[in-house]
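Structural characterization, general
Residues per chain, in single letters:
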Amino acid sequence: MEIIQIVGLGMIATFLALVVKEHKPIFAFMLTVFTGVIIFIFLIDQIAMIIGLLEQLADSANINLVYVQTVLKIIGIAYIAEFGAQIAKDAGQGAMASKIELAGKVLIMVMAIPIISVIIETVIGLIPGS
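The sections below set out a description of the structure shown in this document. Bear in mind the structure is a predicted one, so any value in this text is a computation, not a measurement.

1. As for helix α3 (residues 65–90)
Taking 1.5 Å as the rise per residue, α3 with 26 residues should run 38 Å; its terminal C-alpha atoms sit 37 Å apart, in good agreement. For α3, the secondary structure elements touched by its buried residues are α2 (25–60) and α4 (94–126). The backbone nitrogen of Val-66 has a side-chain oxygen 3.1 Å away, supplied by the residue at the start of α3, namely Asn-64. With its phi angle positive at about 80°, Gly-92 sits one or two positions after the end of α3.

Here you go:
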């Protein structure tokens, strides 16, 4: 049922932004950003629930929580970069959106290095004679 509320809010904001955009484009942009933030705030409880569940699963599987937290940070970077890039695109700043996406990708690679290192070390350890 929550998705209906989110989509309804998004649709109302979209129609309002289209009406307002003709006379006051900055207000239409601000409405779009504000609606995006409201939707994100609405989802915080669900995000916290997912994080808690993943941490419980990792704990029960004896997986180091550092790796789970790193993966969650990577996912967070991806979502935040996408959100920022979409806002920049809505503002007509395609070049800035591309830079935001690039920054997100670079930060994801930086965060992934420890996990990639462990995977490579594990594979090398499985190879006979090493």
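And the narrative resumes.
2. What about the environment of Val-71?
Relative to the helices and strands, Val-71 is located in helix α3. The exposure class of Val-71 is partly exposed, given its relative accessible area of 39%.

3. Some thoughts on unusual backbone geometry
The phi dihedral of Asn-62 falls on the positive side, at around 55°, and the residue is not glycine. Within the fold, Asn-62 resides in the loop between α2 and α3.

4. Examining the packing of helix α1 (residues 2–21) against α2
Contact pair α1 / α2: the axes reach a minimum separation of 8 Å and the direction vectors enclose 170°. Judged by the angle between their axes, α1 and α2 are roughly antiparallel. Along the contact surface, α1 presents Glu-2, Gln-5, Ile-6, Leu-9, Ala-13, Leu-16, Ala-17, Val-20 and Lys-21, while α2 presents Pro-25, Phe-27, Ala-28, Leu-31, Thr-32, Thr-35, Ile-38, Ile-39, Phe-42, Leu-43 and Gln-46. Of the residues contributing to the contact of α1 with α2, the split by class is 14 nonpolar, four polar and two charged.

5. As for the side chain of Thr-35
Relative to the assigned elements, Thr-35 resides in helix α2. From its side chain, Thr-35 meets the backbone oxygen of Leu-31 in a polar contact 2.8 Å long. Apart from residues no more than four positions distant in its own chain, Thr-35 is found in contact with Leu-9 and Ala-13.

What counts and what doesn't
Residues numbered from 1 in each chain as written. Predicted model: local features only at pLDDT ≥ 70, side-chain atom pairs only at ≥ 80, totals over all residues. Heavy atoms only, no water. Helix = DSSP H or I, 4+ residues; strand = E, 2+ residues; numbered from the N terminus. Expected span 1.5 Å × (residues − 1). Contact = heavy atoms within 4.5 Å. Polar contact = N/O pair within 3.5 Å; in protein donor to acceptor, adjacent residues only side chain to side chain. Buried < 20%, exposed > 50% of the residue type's maximum accessible area, 1.4 Å probe, protein only. Axes fitted to C-alpha atoms, helices over the stretch in contact; angles between N-to-C directions. Parallel < 35°, antiparallel > 145°, perpendicular 65-115°, else oblique. Nonpolar A, V, L, I, M, F, W, Y, C, P; charged D, E, K, R; others polar.

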